[in-house]
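# Observations on chain architecture
The chain contents come next:
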Amino acid sequence: MTPVLDVHGLAYAYPDGHQALFGVDLHVHRGERVALLGPNGAGKTTLVLHLNGILTAGAGSVAVSGLAVEKANLTEIRRRVGVVFQDPDDQLFMGTVRADVAFGPANLGITGAELDHRVLRALEQVGMEEYVDRPPHHLSFGQRRRVAVATVLAMEPEVLVLDEPSSNLDPASRRELADILRSLDVTVLMVTHDLPYALELCPRSVVLSGGTVVADGTTYDVLTDEALMKAHRLELPFGFDPRTAMPRP
Amino acid sequence: MGAGHGHQLHYHGHSPVHRVPAHLKILALLGFMIVVVATPRDWYPVFGVYLLLLAAVIGMSRVPPTYLLKRTVVEVPFVLFAVLLPFVATGPRTEVLGVTVSQHGLEAGVALLIKGTLGVLASLTLAATTEPQELLLGLERLRLPQQLVQIMAFMVRYLDVVTGEMRRMKVARESRGFSARNPRHWPVLARSAGALFIRSYERGERVHLAMLSRGYTGRMPRS
């Protein structure tokens with residue numbers, strides 16, 4: 001079966017010479033929810049920007065459901081890979097929620113009733129349909145994060161890539177977002193420092209450190225491997241123990 | 001951050017003036033301004049008629065006049081310029097309240113003040129009775145080039161974000177004991193303004209990334 005995300009030997013150096021990725025291999029299959037963990041500066045964001053072709057691989061390859069990420073395929077790649085950025089104020093740039101959610105599908109050439117339908121369905125999926133005509137800057141932070149997810153869902157992506165989905169959310173919004181993510185029938189790759197959130201939502205975790213994948217296994221195994229955690233600056237919050245938070249899968 | 005309706009300049013209401021389509025209001029404002037500016041500067045009774053007309057529209061809109069008057073402070077720099085005119089202009093002199101001033105400058109200053117105030121009041125009335133989003137749609141209907149409308153749309157969208165950032169920087173400065181009391185403190189303000197500019201620029205880059213990620217290819221979709 002063709003993986004949804006197929007990253008092979010990906011290496012990348014920024015124009016200033018700083019090398020961020022040294023041969024990354026990653027496969028994500030349909031329906032999986034995978035957490036991408038790693039300390040600051042591990043190259044997580046750089047990897048994400050390769051998945052939808054914002055950055056172009058220096059070496060190695062990236063393919064999405066068998067389609068290579070290269071210039072000729074960019075429109076289709078960006079439909080298949082929905083990236084939700086960390087700051088919803090970056091993601092929501094139009095005057096109303098409706099226009100913002102419509103932006104992606106409209107770029108794909110969808111118009112009229114089908115466009116309206118997509119917008120409303122995406123907003124329903126995140127429970128924000130009643131805010132459709134509000135300007136984004138009048139929503140709460142948690143609501144804006146949910147609309148940001150909807151802007152990408154409206155493109156009916158094959159994989160949802162979330163950059164720090166739980167950051168800056170209050171506990172209730174954080175849980176609401178978890179419920180939404182669980183309810184979606186879509187492959188998810190989630191970049192996060194929130195390890196309990198990874199354990200709660202993602203059966204599998206990949207640890208990126210120093211520009212390479214250093215671990216890939218069940219989230220439970222990764223979080224309970226103390227030597228691995230310590231070696232890559234990963235720490236559980238005070239008082240949190242995966243062994244008691246969740247029975248061994 | 002602010003919840004509820006519209007923008008700081010907008011006064012929520014349902015009057016007939018609020019309901020007129022935005023593009024008609026924009027055209028009306030433009031027409032009014034051209035007529036005001038084209039009126040010879042010593043036709044004082046005519047300016048009185050303009051003011052009455054404007055007052056009637058404001059009355060109909062049910063926007064409290066004090067709400068508009070408070071916001072006319074944006075005119076202050078022009079007022080200062082108008083007040084200076086009689087002193088710096090040349091030509092025949094005349095005496096006002098015991099001070100000798102230029103006859104020419106005095107007339108020009110008064111005219112500037114009258115025309116400016118009429119213009120500012122009319123613009124504020126438009127802003128108070130029209131949601132920013134409506135205004136943009138109105139400009140679009142008037143066939144203003146897409147690029148210009150888009151730039152304005154981004155400005156409306158990010159005005160609150162940038163002023164929020166500015167406010168947080170101010171709070172952070174003051175929390176560390178800073179207050180801009182005298183010109184020696186101005187360099188700090190200038191550096192803050194520079195930092196704000198760079199932050200906004202970087203946000204622009206991130207927004208562009210987010211747009212590319214959703215299939216933007218340099219042209220806004222028609223929706």
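Reading the values: rules and limits
- Residues numbered from 1 in each chain as written.
- Chains lettered and ligands numbered in written order.
- Predicted model: local features only at pLDDT ≥ 70, side-chain atom pairs only at ≥ 80, totals over all residues.
- Heavy atoms only, no water.
- Helix = DSSP H or I, 4+ residues; strand = E, 2+ residues; numbered from the N terminus.
- Rg over C-alpha atoms; globule rule 2.2 N^0.38 Å.
- Buried < 20%, exposed > 50% of the residue type's maximum accessible area, 1.4 Å probe, protein only.
- Contact = heavy atoms within 4.5 Å.
- Axes fitted to C-alpha atoms, helices over the stretch in contact; angles between N-to-C directions.
- Parallel < 35°, antiparallel > 145°, perpendicular 65-115°, else oblique.
- Left-handed = near helix turned anticlockwise from the far one by under 90°.
- Phe/Tyr/Trp six-rings, centres within 6.5 Å; stacked < 30°, edge-to-face > 60°.
- Lys NZ or Arg CZ within 6 Å of the ring centre and 35° of its normal.
- Salt bridge = Lys/Arg side-chain N within 4 Å of Asp/Glu carboxyl O.
- Pairing = 2+ DSSP bridges.
- UniProt positions renumbered as here; feature names shortened; annotations may be inferred.
- Buried area = accessible area lost by both parts, 1.4 Å probe.
- Polar contact = N/O pair within 3.5 Å; in protein donor to acceptor, adjacent residues only side chain to side chain.
- Nonpolar A, V, L, I, M, F, W, Y, C, P; charged D, E, K, R; others polar.

### Quick look at the overall build of chain A
Secondary structure assignment for chain A yields eleven helices and ten strands. Computed over the C-alpha atoms, the radius of gyration of chain A is 18 Å, within 12% of the 18 Å expected from 2.2 N^0.38 for a compact globule of 249 residues. Counting every position in chain A, which comprises 249 residues, the buried fraction comes to 57%. Across chain A, contacts joining residues at least 24 apart in sequence account for 64% of those joining residues at least 6 apart.

### Some remarks on the packing of helix α5 (residues 76-88) of chain B against helix α6 (residues 103-129) of chain B
All names here are of chain B. Orientation of α5 relative to α6, taken along the N-to-C sense of each, is 165 degrees, at an axis distance of 7 Å. In terms of orientation, α5 lies roughly antiparallel with respect to α6. As α5 packs across α6, the resulting crossing turns out to be left-handed. Along its contact with α5, which presents Phe-78, Val-79, Phe-81, Ala-82, Leu-85 and Pro-86, the element α6 presents Gly-105, Leu-106, Ala-108, Gly-109, Leu-112 and Leu-113.

### Here we look at the packing of aromatic side chains
Residue and element names in this part refer to chain B. All chains considered together, the criterion is met by seven aromatic pairs over all chains. Measuring from centroid to centroid gives 6.1 Å for Phe-32 and Tyr-50, while their planes differ by 70 degrees, and the two rings are edge-to-face. Taken together, the positions of Phe-32 in helix α2 (residues 22-38) and Tyr-50 in helix α3 (residues 44-61) put the pair 18 residues apart, joining distant regions of the chain. For the residue pair Phe-32 and Tyr-50, the accessibility class agrees, reading buried in each case. Measuring from ring centre to ring centre gives 5.9 Å for Phe-47 and Tyr-50, while their planes differ by 80 degrees; the resulting arrangement is edge-to-face. With Phe-47 and Tyr-50 both in helix α3, this residue pair falls three residues apart, about one helical turn. Of the two residues, Phe-47 and Tyr-50, both sit in the buried class. The aromatic ring of Tyr-67 is capped on one face by Arg-71, whose charged end is 3.8 Å from the ring centroid.

### Points about the pattern of salt bridges
Under the counting rule described, the total for this entry stands at 28 salt bridges over all chains. With a closest N to O distance of 3.9 Å, Glu-158 of chain A and Arg-30 of chain A form a salt bridge. With Glu-158 of chain A in the loop between α6 (141-153) and β7 (159-163) and Arg-30 of chain A in the loop between β2 (19-28) and β3 (33-37), the pair connects residues that are 128 residues apart, well separated along the chain. Residue Arg-30 of chain A is classed as partly exposed on the basis of its relative accessible area of 47%. It is possible to trace a salt-bridge network through shared partners that takes in Asp-87 and Asp-90 of chain A together with Glu-165, Arg-199, Arg-203 and Arg-206 of chain B.

### Side note on the sheet that holds β2 of chain A
All names here are of chain A. On the basis of which strands lie adjacent, the open sheet formed by four strands has the order β2-β1-β4-β5 and antiparallel pairing. Among the strands making up the open sheet, the edge pair consists of β2 and β5 (67-68). One ladder, built from five bridges, connects strand β1 (residues 5-13) with strand β4 (residues 59-64); its direction is antiparallel. Residue pairing across strands places Asp-6 opposite Ala-63, the latter belonging to β4. Each of β1, β2 and β4 touches helix α1 (residues 44-51); the most contacted strand, β1, lies at about 120 degrees to it.

### Some thoughts on the UniProt feature "domain: ABC transporter" (unreviewed entry) in chain A
In the UniProt entry, the feature "domain: ABC transporter" (unreviewed entry) is given for residues 5-235 of chain A. Taken end to end, residues 5-235 of chain A is 39% helix and 26% strand, and its first and last C-alpha atoms sit 27 Å apart.

### A look at the interface of chain A and chain B
Contacts between the two partners involve 27 residues from chain A, matched on the other side by 26 residues from chain B. Note on chain A versus chain B: buried area summed over both sides is about 2,500 Å², and carbon and sulfur give 56% of it. Linking chain A with chain B are five salt bridges, by the criterion used here. At the boundary of chain A and chain B, one finds twelve residue pairs in polar contact (both at pLDDT 80 or more). Considering each element in turn, the side of chain A that touches chain B owes the most residues, five residues, to helix α4 (residues 97-107) of chain A. Here the side of chain A that touches chain B is composed, by residue class, of 13 nonpolar, nine polar and five charged.

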